[in-house]
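Listed here are the chains, written in short residue letters.
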Amino acid sequence: MGKMFMPPAPAQLAMASQFAGSVKGVSASIIDVDVDFSQGMPQLKSFDAVVAVSTDDAASLALMAAANPLVTFDTLDPNGAPSKLNSMFLPPEVELYAAIKNNFLTVYSGDAGMKAVDSLSSESLESNSLISFAVNYGKIWAKEELFKNAMMMAGSELCNEDAMKDALNMMTANRGEA
């Protein structure tokens, strides 16, 4: 019989709730993804993304995150130097990094993710929303092979060539691409 889920101990919950009040918001962006379908099963080639938690005390939040046994990383430099994250749950193609940038605890992947994180160094803390998530669907789905294979794997009716072109044209029409 498998192991039962054990809820966190009261001390862990108390520590987590202490830092929860300092969190001002969470932002996540998938910037780019590239998948190779030539081997039958999809193989992730690259993944550029960023998650940023805006907080009054990023260094303390990083110390609390370091107690998580599922993801390990070296102590984060409060001046913004990145630290590589290690996890048995990550595919080998994805390298995640964590960094403290100003009032932001960030996790990112890829060069575009690193540029987005670097731009946070000059950002001030604003209470304008709690959660933000962004995906540039036009850019991701304009990669016809990625779109076609994702639809085929999902068993979609969009797999015929005419329906694919119509769907791609519709997704890129807002940006003037076709």
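Refer to the structure presented above.
Definitions and cut-offs
Residues numbered from 1 in each chain as written. Predicted model: local features only at pLDDT ≥ 70, side-chain atom pairs only at ≥ 80, totals over all residues. Heavy atoms only, no water. Phe/Tyr/Trp six-rings, centres within 6.5 Å; stacked < 30°, edge-to-face > 60°. Helix = DSSP H or I, 4+ residues; strand = E, 2+ residues; numbered from the N terminus. Buried < 20%, exposed > 50% of the residue type's maximum accessible area, 1.4 Å probe, protein only. Pairing = 2+ DSSP bridges. Core = buried A, V, L, I, M, F, W, Y, C linked by side-chain atoms within 4.5 Å. Salt bridge = Lys/Arg side-chain N within 4 Å of Asp/Glu carboxyl O.

> Looking at this model, I keep getting lost on the packing of aromatic side chains. Mind explaining?
Applying the stated rule across the entire model yields one aromatic pair. Aromatic pair Tyr97 and Tyr108: ring centres 5.7 Å apart, planes at 25°, arrangement stacked. With Tyr97 in strand β4 (residues 96-101) and Tyr108 in strand β5 (residues 104-109), this residue pair connects regions lying eleven residues apart in the sequence. According to the relative accessible area criterion, Tyr97 is partly exposed, its value standing at 24%. With relative accessibility at 6%, the residue Tyr108 sits in the buried group.

> I keep staring at the pairing of β5 and nothing clicks. Help me out?
One face of the sheet, then the other: side chains in a regular strand alternate in exactly this way. Within β5, five of the six residues are buried, leaving the element largely enclosed by the surrounding structure. Pairing between strand β2 (residues 43-55) and β5: six bridges, direction antiparallel. By the bridge assignment, Ala52 is partnered in β5 with Thr106. Two strands pair when backbone bridges link them, and β4 and β5 are joined in this way by six bridges, in the antiparallel orientation. When the sheet's bridge partners are listed, Lys101 is paired in β5 with Phe104. Taken together, β4 and the strand that follows it, β5, pair antiparallel across an intervening segment of two residues, in which Asn102 is found at a positive phi of about 60°.

> Help me out: how do you make sense of the nonpolar core in this one?
Buried together is how nonpolar side chains tend to be arranged in soluble globular proteins. Val53, Ala58, Leu61, Ala62, Phe73, Leu76, Leu85, Val94, Leu96, Ala98, Ile100 and Leu105 together form the largest nonpolar core, which totals twelve residues. Elements represented by at least two residues in this core include exactly α2 (58-65) and β4.

> How should the pattern of salt bridges be read in this particular structure?
Per the stated rule, a full pass over the model turns up three salt bridges. Residue Lys45 pairs with Asp34 through a salt bridge whose shortest N-O separation is 3.7 Å. A residue pair is termed long-range when its members are at least 10 positions apart, and Lys45 in strand β2 and Asp34 in strand β1 (residues 23-36) qualify at eleven residues. Residue classification places Lys45 among the exposed positions, given a relative accessible area of 51%. By relative accessible area, which is 27% here, Asp34 ends up partly exposed. The closest approach of N and O atoms between Lys101 and Asp118, which form a salt bridge, is 3.2 Å. Note that Lys101 is positioned in strand β4 and Asp118 in helix α3 (residues 110-119), a separation of 17 residues in sequence. Using a relative accessible area of 11% as the deciding quantity, one classes Lys101 as buried.

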